[in-house]
Structures are given as structure tokens and as C-alpha cells.
Amino acid sequence: MRQLIDVVLTKAGRVKIRYEAGVLADDGAQISVTAPWSAPKVRDFGFVRFEPGDVFVEHYWRDRWYAVKEVRDGAGVLKGWYCDVTRPAEVRRPAAGTAEIVVDDLDLDLWVSADGSEVLRLDEDEFAQSGLAESDPEAARRAVAALDELERLAKSGALPGLPA
């Protein structure tokens, strides 16, 4: 039986979403989980639709400022990768209750299409308006560097699971 863990995405100190996932691997630096699309409705971004039945394989790092989520439809067809710029993941194992992966969303995102031909930087306007550059300049610098790194990795075919 696969170990279960709660994924907790926070933003500005508040829980944005919480959902249950199955742990695929945890080497102490990176933890990978799988979970179905957690919202009951379709979310249409224009460049991709997330919908009930979609399955995510999510990679989190304790020492990197991002997470990479491989997205497949219910039939297993790859849609692409949604990458979140976050503070490094914290894995918490409370004495009672379900373990948690807690990540703090920093607004910046990257989308990579299934064939790797489309790499889109997302939400840079939200990031600019978030005030992070003023309230935590070091975190803002790391967030921008993480987005740049994700874009470089995507364009070179080096994201987890991306065909080279």
C-alpha cells in the first residue's frame, strides 16, 4: 500500500489548497507524489485545461525554490508540465495525523507543453504586485532565479520526465 501524504500549498501565510497524494519516492532531498486533479471543476488556462480525471506526478525539493508537476489526462496522455515557483518544500511528520508537504507559492509559474515546444512564463504581473520584492528581497531574488532556471531546464529538456 502506498504511503499517503497531504500536500499543503500556502500563499501569503494562508492555506490556498490541501489535498491527499500518494508518495512515489523520497530520497531526503526530493519527494515525488501522485494525485488526481483536486478541484471538482475544469480550470481552463487557455493553453491547457485541468479537469477531473487528470493525474499529476509532482516533484518537490527541500533545497530548491520550485516544484514540477507532470500532468496527464485520465487516459494517461501527457498534457505537459506545470511548474510552481515556491519556497523549498518542508516535509512535516506530526506524531499524530498524516504527514504533510508544505510549500509556499511565490506567484511565478512556468508551463511546458507535452512536446516541449511551448514554454510560457506565467503570473509575472502578480509577482510584481505581491510586494515580495519589498518585504523579502532575498526571497524575491531567489524566486526570479528559480523561474529563470526552470525556463532553462525546460528549453534544454532537463525537467523531470521531459523528453530530451
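Refer to the structure printed above.
Residues numbered from 1 in each chain as written. Predicted model: local features only at pLDDT ≥ 70, side-chain atom pairs only at ≥ 80, totals over all residues. Heavy atoms only, no water.

*Asks:* What's the story with the pattern of salt bridges in this structure? I'm lost.
*Replies:* One pass over the full model with this rule turns up 22 salt bridges. A salt bridge links Arg-87 to Asp-104; the nearest nitrogen and oxygen atoms lie 3.0 Å apart. Of this pair, Arg-87 sits in the loop between β8 (78–86) and β9 (90–92) while Asp-104 sits in strand β10 (residues 100–113), and the two are 17 residues apart along the sequence. For Arg-87, a relative accessible area of 25% gives the class partly exposed. Exposure remark for Asp-104: the relative accessible area of 18% places this residue in the buried category. Connected through shared salt-bridge partners, Asp-44, Arg-49, Glu-51, Asp-54 and Lys-79 make up one network. (Salt bridge = Lys/Arg side-chain N within 4 Å of Asp/Glu carboxyl O. Helix = DSSP H or I, 4+ residues; strand = E, 2+ residues; numbered from the N terminus. Buried < 20%, exposed > 50% of the residue type's maximum accessible area, 1.4 Å probe, protein only.)

*Asks:* Can you walk me through the pairing of strand β2 (residues 14–26) in this structure?
*Replies:* Regular strands place side chains that alternate from one sheet face to the opposite one. Pairing analysis gives eight bridges linking strand β1 (residues 4–11) to β2, with the strands arranged antiparallel. Bridged to Val-7 within β2 is Tyr-19. Between the end of β1 and the start of β2, which pair antiparallel, lie two residues, with Ala-12 showing a positive phi angle near 55°. Direction of pairing for β2 relative to strand β3 (residues 30–36): antiparallel, over a ladder of four bridges. Across the sheet, residue Gly-22 finds its bridge partner in β3, namely Thr-34. Hairpin geometry of β2 and β3 is characterised by an intervening segment of three residues between the two adjacent antiparallel strands and by a positive phi of about 95° at Gly-28. (Pairing = 2+ DSSP bridges.)

Read these as spatial facts, not as claims about activity.
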